Amino acid sequence: MARAALRSAAWAERWFPDAWVFAALGVIVVAIAVLAFGATPAITVNAFGDGFWSLIPFTMQMAFVVIGGYVVASAPIVARFIDVLARVPRTGRSAICFVGLISMLASLLSWGFSLVFGGLLVRALARREALRMDYRAAGAAAYLGLGAVWAMGLSSSAAQLQANPKSMPAGLLTITGVLPFSQTIFLWQSVVLTAMLIIVSLAICWLTAPSDSQARTAQDFGGLDTAIPELPSRSRPGEWLEYSPLLSILIGVLGLGWLAYEFTSKAVVTAIANLNTYNFLFLTIGLLLHWRPRSFLNAVTRAVPSTAGVLIQFPLYGGIAALLTHAAGADGQTLAHRLSGLFVHVASTDTFPLVMGAYSSVLGFFVPSGGGKWLIEAPYVMQAANDLHVHLGWAVQVYNAAEALPNLINPFWMLPLLGVLGLKARDVVGFTFMQLLVHVPLVLGLLWLLGLTLPYVPPVMP
């Protein structure tokens, strides 16, 4: 497996294009499909243009997930904690597995924090040259949080949406009702699936890690700076407030007060289901952990370049989503309707998890947005679940587990991590591809098997 991973990595380094190329190809493929089913050129281009800016609010939220995660993970006290963690592994191979474990556990809380924290942990381990840790394999391990289990945790966009009726479109609410976390991510079947994914992913990390003689360390990629830069001394009177903790304390008190109100006036699962609350929480904690505004602002400055891929690619995905759902063909049906008709036609109660899982994973490569894609898929896949009498909460988990599969080779969500590590997608995708080869049959098989243990429950309205 180590030799296969190295060959896969070598192929990817030579042939894998930039992440933006995949997004552009997705637009072209979907546009051609829309035209092939009878949509006029005018309808096609209008759908693409109208959808191009449709995800701007979500784009900003995703950018702030990266910024908030980086700000917290790079705070001096957290950076020291990362340095302490980096002393634990004794070999390069164990370091790669250690990164994978930390990344996956952190992603169950927040995928954005997982990406940045995992990346900074890799950098800290890479500074221990005696480890001979393969920098590419470690980067791939740091990506496992988003590539394997993120949607099975608290930051699952689909589970959050289904638990909060005020966030759901009215049409979706009538189909699914309210599905609390106890019916989705906290099902014992979901816990078993998540545990199996973590165990198997770590085993693959161990088996595919290059030996010391074949490892390419951080030095082979140009080396690393020694650590996060220290805050320079104040040089002019006008910087007094930037170096004083006064503003951080005052803003932090306001922020913590609002957060306290949110979490005391609402159910916890409702409060954390709001992505704006997530971002507000991380930014407030980050400001207080950095203590001085100048340190906080410097961290934000270092984080912003990692959001470049999000900012430039999300509009393309907005265009893809609009092409799928708004560009009607000659018979008045959209491509999404055609896909859903095919989906319902071939699925049965027993095969629903397999068919839905395969469909969601393929579509996820072209529309890699857990929340946005769920809004596209949910109306017809959840109606199919009702028609076939499939447990609705498990249908959400089928989506969650399968939606993560294309992340393993789709470079889009790698961008924040790659920005922290200074790598390209081609450097890590050879190793994540080996994970994908095992994850596909494992995930689909477990989704089918565990789904057999769950009875159908009709939608529960608020």
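Note that the structure is predicted; figures quoted are calculated from it, not measured. (Residues numbered from 1 in each chain as written. Predicted model: local features only at pLDDT ≥ 70, side-chain atom pairs only at ≥ 80, totals over all residues. Heavy atoms only, no water.)

**Comments concerning the overall build of the protein chain**
How we decide: Going along the chain from the N terminus, every DSSP run of H or I of four or more residues is numbered as a helix, and every run of E of two or more is numbered as a strand. Radius of gyration here uses only the C-alpha atoms, and the compact-globule reference equals 2.2 Å multiplied by the residue count raised to the power 0.38. Only protein chains enter the accessibility calculation, which uses a 1.4 Å probe; a residue whose area is less than 20% of its type maximum is buried, one above 50% is exposed, and one in between is partly exposed. Note on contacts: a residue pair is in contact if any heavy atoms of the two residues lie within 4.5 Å. Only four residue types enter the tally: Lys and Arg on the positive side, Asp and Glu on the negative side, with His and both chain ends excluded. For charged residues, the charge sits on one atom: NZ in Lys, CZ in Arg, CG in Asp, CD in Glu.
Secondary structure summary: the protein chain contains 24 helices and zero strands in total. The globule rule puts the C-alpha radius of gyration for 462 residues at 23 Å, and the 22 Å found for the protein chain is close to it. Judged by the C-alpha coordinates and their principal axes, the protein chain covers about 70 × 55 × 50 Å. The 462 residues of the protein chain split such that 56% are buried. Taking as baseline every contact in the protein chain between residues at least 6 positions apart, the subset at least 24 positions apart corresponds to 81%. Between the mean site of the 24 positive side-chain charges and the mean site of the 19 negative ones, the protein chain shows a separation of 8 Å.

**Here we look at the pattern of salt bridges**
Condition: Here a salt bridge means any side-chain nitrogen of Lys or Arg lying within 4 Å of a carboxyl oxygen belonging to Asp or Glu.
Under the counting rule described, the total for this entry stands at four salt bridges. In this structure, D134 and R136 form a salt bridge, with 2.8 Å as the shortest nitrogen-oxygen distance. Of the charged contacts, one joins R294 and E242 as a salt bridge, the two residues approaching to 3.0 Å between their closest N and O atoms. Pair noted here: R294 is in helix α17 (residues 293-303) and E242 is in helix α13 (residues 240-243), with a separation of 52 residues, a long-range link. Note on E242: relative accessible area 21%, which makes it partly exposed.

**As for empty space enclosed by the protein**
Defined as follows: Here a cavity denotes a set of grid points, spaced 1 Å apart and computed over the protein atoms alone, in which a 1.4 Å probe fits but from which it cannot get out, and a pocket denotes an open set meeting protein on both sides within 12 Å along at least five of seven lines; residues with an atom within 4 Å of a point are reported as lining. Grid points are joined across faces, edges and corners, and a volume is the space filled by probe spheres set on the points.
Within the structure shown, the criterion is met by three cavities of 30 Å³ or more. Roughly 70 Å³ of internal volume is contained in the largest cavity. In this structure, the largest cavity is lined by I96, A137, A140, A141, L144, C205, T208, A209, F431, T432 and Q435. Elements with a minimum of two residues in the lining of the largest cavity: α8 (135-142), α12 (188-208) and α24 (425-451).

**Description of unusual backbone geometry**
The phi angle at R132 is positive, at roughly 55 degrees, despite the residue not being glycine. Position of R132 relative to the elements: it lies in the loop between α7 (111-126) and α8. Its identity as a non-glycine residue notwithstanding, W291 has a phi of 70 degrees, on the positive side.

**Section: the nonpolar core**
Our working definition: Throughout, nonpolar core names a set of buried Ala, Val, Leu, Ile, Met, Phe, Trp, Tyr and Cys residues whose side chains join them through atoms within 4.5 Å.
Residues M62, L121, M133, L193, W374 and M382 are the most contacted members of the largest nonpolar core, which totals 133 residues. In this view, M382 contacts I175, T176, L179, W374, L392, A395 and V396; residues no more than four positions away in its chain are not counted.

**Remarks on the environment of H391**
Heads up, the rule is: Here a polar contact is taken to be a pair of N or O atoms separated by no more than 3.5 Å, where protein atoms must pair a possible hydrogen donor with a possible acceptor and residues adjacent in sequence count only if both atoms sit in side chains.
Locating H391 in the fold gives a position in the loop between α21 (370-388) and α22 (392-403). On the basis of relative accessible area, H391 is assigned to the buried category, the value being 6%. Here the alpha-carbon distance between H391 and N46, two residues 345 residues apart in the chain, equals 38 Å. Sequence-distant contacts of H391, that is, excluding residues within four places in its chain, are made with Q183, L187, L454, P455, Y456 and V457. A distance of 3.0 Å separates a polar side-chain atom of H391 from the backbone nitrogen of W394.

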